[in-house]
Structures are given as structure tokens and as C-alpha cells.
Amino acid sequence: SESSEKVKSAFEILMQKLAHPDPVWKEIRTSIGAGATSIHLLGWIFDLLARNPQVQDELRTEIEQNLSKLKSLSLTEIEKLPLLTAVIQEALRLY
């Protein structure tokens, strides 16, 4: 159909742009890859928490008690939450 041809054409254009050697497009490719990795990590973390409701409850408590104390969501600040750090490290270790 005509609409699927337009979608395919738009996809082809995007793929051509992503293959472009321009540094801006290189950065976009890197960001897309990093985003996909982060999304997968979050999925693994949510799966682990769903399988371990006690840890999920403890983590929720840790976050609720400390969220207002965090200056940002930087790695330095997140490392101040030991259970959250442990959950992230466990997800990375397992997957």
C-alpha cells in the first residue's frame, strides 16, 4: 500500500542519515545505542524486583527516604543509595 511505502521510504532515509560520517550523526548513533542499553537494563531490574517483592519494598523505602536529599540523579548521588546500587550491580552481573 502507499502508506507502507512512505513508512519504508522514511525508514530508508533515516538509515542513510545514521550511516552518514558527520560527527553529529555519529553522536546520534551513539545515543540511540546507549538508550537501548539503558532500556534493557531497566527491564532486567524491573524483572528482578518483580520476582523479589521484599527487595522491591525495601528499595522503595530507601528511595522514598532519600529522594529529597539527592542533589541530582548522577552516578555519584545514586551511589549514596546502597540497595539501589546493589540492585543495579546484580542486574548487570546476571545479565
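You'll find the structure just up there.
The text that follows walks through the structure, step by step, so that each part is easy to find.

Between side chains of opposite charge, pairing is possible as soon as their charged atoms come close. The full count for this structure, using the stated rule, is 4 salt bridges. Of the charged contacts, one joins aspartate 47 and arginine 51 as a salt bridge, the two residues approaching to 2.9 Å between their closest N and O atoms. You can see aspartate 47 and its partner arginine 51 sitting in helix H2 (residues 23-51), 4 residues apart, about one turn around the helix. Judged by its relative accessible area of 28%, aspartate 47 is partly exposed. The closest approach of N and O atoms between glutamate 90 and arginine 93, which form a salt bridge, is 2.7 Å. Of this pair, glutamate 90 and arginine 93 both sit in helix H5 (residues 82-94), 3 residues apart, which is roughly one turn of the helix.

A word on the side chain of threonine 85. Positionally, threonine 85 belongs in helix H5. Once residues within four sequence positions are removed from consideration, threonine 85 is found in contact with Ile78 and Glu79.

Rules used in this analysis
Residues numbered from 1 in each chain as written. Predicted model: local features only at pLDDT ≥ 70, side-chain atom pairs only at ≥ 80, totals over all residues. Heavy atoms only, no water. Salt bridge = Lys/Arg side-chain N within 4 Å of Asp/Glu carboxyl O. Helix = DSSP H or I, 4+ residues; strand = E, 2+ residues; numbered from the N terminus. Buried < 20%, exposed > 50% of the residue type's maximum accessible area, 1.4 Å probe, protein only. Contact = heavy atoms within 4.5 Å.

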